[in-house]
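# Coordinate inspection notes
Chain by chain, the residues run as shown.
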Amino acid sequence: QVQLVESGGGLVQAGGSLRLSCTGAGTIFGVKAMAWYRQAPVKPRELVAGSNSDGTTKYADSVKGRFTISRDSAENSVHLHMNSLKPEGPAVYSCRMVAGPYDYWGQGSQVTVSS
């Protein structure tokens, strides 16, 4: 079965950088899109960055110019490079992969940005 494994989360100081990675393990066909979502306590989950199969990307307005999403040629791995991080309480960043008729989610990686 397919699993998405995230890594790179942790504690970082405001203004710093952090790189999240997500790798799909298992047999994966027809990857359509990969994305990163963020969910903070008492807040709804929101799309942070997404990458489509045609190479196009989209970002939440709040992270434009600071975050960059990238994926490898095999489309089984996606990364989120976060720069100029703003103070943020503990939040979970989750990787999502849409492949064929399936929608996979990782367990999430916690990120905290201290002020």
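Residues numbered from 1 in each chain as written. Predicted model: local features only at pLDDT ≥ 70, side-chain atom pairs only at ≥ 80, totals over all residues. Heavy atoms only, no water.

The geometry of an aromatic ring pair is captured by two quantities: the separation of the ring centres and the angle between the planes. Throughout the structure, instances matching the rule amount to 2 aromatic pairs. For the ring pair tyrosine 37 and tryptophan 105, a centre distance of 4.9 Å and an interplane angle of 50 degrees mean the geometry is tilted. Taken as a pair, tyrosine 37 in strand S4 (residues 31–39) and tryptophan 105 in strand S10 (residues 102–105) lie far apart in primary sequence, 68 residues in all. Residue classification places tyrosine 37 among the buried residues on the basis of a relative accessible area of 13%. (Phe/Tyr/Trp six-rings, centres within 6.5 Å; stacked < 30°, edge-to-face > 60°. Helix = DSSP H or I, 4+ residues; strand = E, 2+ residues; numbered from the N terminus. Buried < 20%, exposed > 50% of the residue type's maximum accessible area, 1.4 Å probe, protein only.)

Time to look at the sheet that holds strand S1 (residues 3–7). Pairing in this open sheet of 4 strands is antiparallel, and the strands run S1-S3-S8-S7 from one edge to the other. Of all strands in the sheet, those bounded by a partner on one side alone are S1 and strand S7 (67–71). For this sheet, the mean inter-axis angle between neighbouring strands, taken without regard to orientation, is 15 degrees. Strand direction decides the pairing type here: strand S3 (residues 18–25) and strand S8 (residues 77–82), joined by 6 bridges, are antiparallel. Residue pairing for S8: threonine 23 is matched across the bridge by serine 77. (Pairing = 2+ DSSP bridges. Axes fitted to C-alpha atoms, helices over the stretch in contact; angles between N-to-C directions.)

Attention shifts here to the environment of arginine 19. Take arginine 19: it is sitting in strand S3. Note on arginine 19: relative accessible area 44%, which makes it partly exposed. Residues arginine 19 and histidine 79 lie 60 residues apart in sequence; the distance between their C-alpha atoms is 6.9 Å. Excluding residues within four positions of it along the chain, arginine 19 makes contact with Ser7, Gly8, His79, Leu80 and His81. Among the polar contacts made by the side chain of arginine 19, one reaches the side chain of serine 21 at a distance of 3.4 Å. Among the polar contacts listed, one links the side chain of arginine 19 to the side chain of histidine 79, at a separation of 3.3 Å. (Contact = heavy atoms within 4.5 Å. Polar contact = N/O pair within 3.5 Å; in protein donor to acceptor, adjacent residues only side chain to side chain.)

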